[in-house]
Amino acid sequence: MNWTGAARTILVCAILIVLHYTLRPLLAWRASIDFIIVALLLGAVRLRPGAAAVYGLALGLVSDSLAVSSFGAAALGMSIVGFGASWLKAVFFADNLALNGFFLFLAKWVFDLIVLLVGHRAHGAEIAMQLFVWSPLSAAVTAVAGVIALSLLKPLMEVRTA
Amino acid sequence: MATAARSSSRADAALLVGCVVVSFIAIALPGAERTADGAVTSEGPREAVAGALRRTIVAPLVGLQRGSERWRSAWTAGERQQLVIDSLSMRATRLQALQVENDQLRKLMGLGTRLEWGFVPAEALHSTTPNDGLVTTLTLTAGSTAGVARYSPVVAADGLVGTIRNADPTMSIAILYTDPDFRASAMAADGNSFGIVYPHAARVGGGDSYMLELRGVPTRVNLKPGSVIYTSGLGGTFPRGITIGSIVQELKTAEVWTRTYLVRPAVSPSRVTFVLILSPQRVTQGTGNIWGATVNADSATKRIAAAGDSLAKQAAVLQAQARQAALDSMKRATIDSVRRSLGAPPLSIAPTDSAGRGAQRAAPASAQPGPRRDSTRARRDTLRPDTTRKPRP
């Protein structure tokens, strides 16, 4: 990835992160869009898996700083998701929007699963409800938002497959 | 090449392991110490790290999030306020409608109290919406079971609404004055100018401007705009004195001997919700002057004037009779005195003449001092000379 491509990626990821902290509270949906996951995946596929894990850790710590009760859970989840996305980048950036959407959905759902299990945010029926109702819904809207973002930003972003 | 790839894979795996370890360390960091009631006694390392992040790297994002949440709160508060405003305005609208309905019911109750008997109250159900064209019929929630008959007049507090076309047992259909078949014999407030009211052919001004025409008014009668028109009672369908409307202007027609006027109805059909249906007995016996205050005043004035005239006439007749009686008694007294002076027996003293008696009987005692005085004087005149003159011979 050249410098221009890196700058573009950083800009797009910054925009998505800003959206996460501006648009998401404004919408305040029960199943909200996770722009940070989209930013993580967009960045991770342009990095080596190790670097993607570090990138995920950084984003996770940013998230955790605002959710002290489960501090570290988002860092762990994003590290794993970032590493996995970078490792699966060839699949992720196949020229198929539906496939991209599916991987966005999967990434968000895995992230929520890790955060719920490690962060001890819910118990019993509540955890099941969160995992099988709200997390899939949130993953779905995140996937839709991610697909739209990928479609809009495709001309701007240079894709480099491994 | 393979060695480089392998080493980079190892580096990636090492980085992942490092990240996972850091994450677990973060998870394992002790939180704030709390008392039994949940109060924070001291800030733990977890809060310290998170706080440091919030104050430095994440600070701009925290600011953005706070701004968004404020926007969201303002938006929600605005929505709540809008809901409150909407519900208040809705309530105000309902209140207005209720007030209008209440006014109508009060008026109708007042009308019912004045009518006293011979009517059936009914609710008017509109078969067409007010904006859906010309309203010509109304469905009324009273039928033949309640005493409603065909051609019974339908009235509201403001005046004439229409007449019953069909009376079913539980409900009836009324045609309004807007119906092409509607006719009513009408008169002006003075009770001297008559005409026939027809529905106006063209709607004027749109909306509720249902207008009527007063046709067949004699040319010599000139009705001014604003003059109130009432039913005349001719024809027997409507009793006399129900307000129909008021004159707007004269319409130019080809008629030479009659005038036609445009009349604004007193009742707006689209706003009629409650009506009274007059029974046939009430139509026959009349409604009195319930609607027409002007008719009331006019007819009362006329009646007073007529009564005054008859009293004056009666007084004049009585005066003439009294004068006649006085003349009669004077004449009789003169004849008697002449006869006595001649030695002839006097005529029997007759009481007052028949005219005088009639007058006394007809008029009350206090109202007829003249004739009595005259008759007594006449008697005195007839007696006194006799008593004074008797000892002389």
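For every chain, the first residue of its written sequence is number 1, and the numbers climb from 1 along that sequence. Here the convention is simple: chains get letters from A, ligands get numbers from 1, in the order in which they are written. Only residues with pLDDT of at least 70 get local features here, since the model is predicted, and only at 80 or more are side-chain atom pairs given and counted; chain-wide, interface and lining totals rely on the full set of residues.

This paragraph deals with the overall build of chain A. Helices and strands together make up the secondary structure of chain A, namely seven helices and zero strands. Secondary structure counts use DSSP, requiring at least four H or I residues in a row for a helix and at least two E residues in a row for a strand, with both numbered from the N terminus. For chain A, the α and β elements follow one another from N to C terminus as α-α-α-α-α-α-α. Looking at chain A residue by residue over its 162 residues, the buried ones come to 49%. Put simply, 69% of the contacts in chain A that link residues at least 6 apart link residues at least 24 apart. Residues with at least 20 neighbouring C-beta atoms inside 10 Å of their own are called buried, those with 12 or fewer are called exposed, and the rest are partly exposed, where every C-beta is derived from the backbone. Once C-beta atoms are placed from the backbone, any two residues with those atoms within 7 Å are in contact.

Along the backbone of chain B there are seven helices and 14 strands. Burial analysis of chain B (393 residues in total) assigns 27% to the buried set. The contacts of chain B with a sequence gap of at least 6 include a subset with a gap of at least 24, amounting to 59%.

Right, let's talk about helix H6 (residues 97-119) of chain A for a bit. A helix is expected to reach a length of 1.5 Å times the quantity of its residues less one. Here H6(A) spans 32 Å end to end across 23 residues, near enough to the 33 Å set by a 1.5 Å rise per residue. Two residues or fewer past H6(A), A:His120 is found with a positive phi of approximately 50°.

This part takes up the nonpolar core. Put simply, a nonpolar core is buried Ala, Val, Leu, Ile, Met, Phe, Trp, Tyr and Cys residues tied into one set by C-beta atoms within 7 Å. Counting 56 residues, the largest nonpolar core has A:Val38, A:Ala39, A:Leu40 and A:Leu41 as its most contacted members. Looking at this core, the elements with two or more residues in it are helix H1 (3-27), helix H2 (35-44), helix H3 (49-64), helix H4 (73-87), H6 and helix H7 (125-153) of chain A together with helix H1 (2-28) of chain B. A per-element tally of this core places H4(A) first, with ten residues. A:Val38 has contacts with A:Leu16, A:Leu104, A:Thr142, A:Ala145, A:Gly146 and A:Ala149, leaving out every residue within four places of it along the chain. Among the nonpolar cores identified, the runner-up in size contains 52 residues, and B:Leu111, B:Leu223, B:Val275 and B:Val283 belong to it.

All names here are of chain B. One requirement defines pairing of two strands: DSSP has to find at least two bridges between them. Bridge count between strand S8 (residues 184-188) and strand S9 (residues 194-199): four bridges; the pairing is antiparallel. Its bridge partner being in S9, Ala 184 is matched across the sheet by Val 197. Pairing geometry for S9 and strand S10 (residues 212-218), over four bridges, is antiparallel. Each residue of the ladder has a partner; that of Val 197, found in S10, is Leu 214.

Residue and element names in this part refer to chain A. One can describe the packing of H1 onto H2 by two numbers: an axis separation of 8 Å at closest approach and a directional angle of 170°. Between H1 and H2, the angle falls in the class roughly antiparallel. Of the residues in H2, those in contact with Thr 9, Val 12, Cys 13, Leu 16, Ile 17, Leu 19, His 20 and Arg 24 of H1 are Phe 35, Ile 36, Val 38, Ala 39, Leu 42 and Gly 43. Grouping the constituent residues of the contact of H1 with H2 by class yields ten nonpolar, three polar and one charged. With axes taken as lines fitted to C-alpha atoms, and helix axes fitted only over the stretch in contact, angles between N-to-C directions fall between 0 and 180 degrees. Every angle not falling under 35 degrees, over 145, or within 65 to 115 is termed oblique; those three ranges are roughly parallel, roughly antiparallel and roughly perpendicular. We call Asp, Glu, Lys and Arg charged. Ala, Val, Leu, Ile, Met, Phe, Trp, Tyr, Cys and Pro are nonpolar, and the rest, Gly among them, are polar.

Glancing now at the interface of chain B and chain A. Each side of the interface is counted separately: chain B has 27 residues, and chain A has 28 residues. Elements that contribute at least two residues to the side of chain B that touches chain A include exactly H1, helix H2 (45-55) and helix H3 (59-115) of chain B. By residue number, the principal contributor to the side of chain B that touches chain A is H1(B), which donates twelve residues.

Moving on to the sheet that holds strand S4 (residues 137-140) of chain B. Residue and element names in this part refer to chain B. Taken together, six strands build a closed barrel; the order of strands is S3-S4-S7-S6-S5-S14 and the barrel is antiparallel. With direction set aside, neighbouring strand axes in the sheet form an average angle of 40°. Looking at chain direction, strand S3 (residues 119-126) and S4 are connected through three bridges and run antiparallel. Bridge pairing in S4 places Ala 124 opposite Leu 140.

Residues and elements named next belong to chain B. Tracing the sequence through the fold places Ile 247 in strand S12 (residues 243-251). A residue is classified by how many C-beta atoms lie within 10 Å of it, and Ile 247, with 19 of them, is partly exposed. Placed 59 residues apart in sequence, Ile 247 and Ala 188 show a C-alpha to C-alpha distance of 9.4 Å.

No statement about biological role is implied by the geometric values presented.
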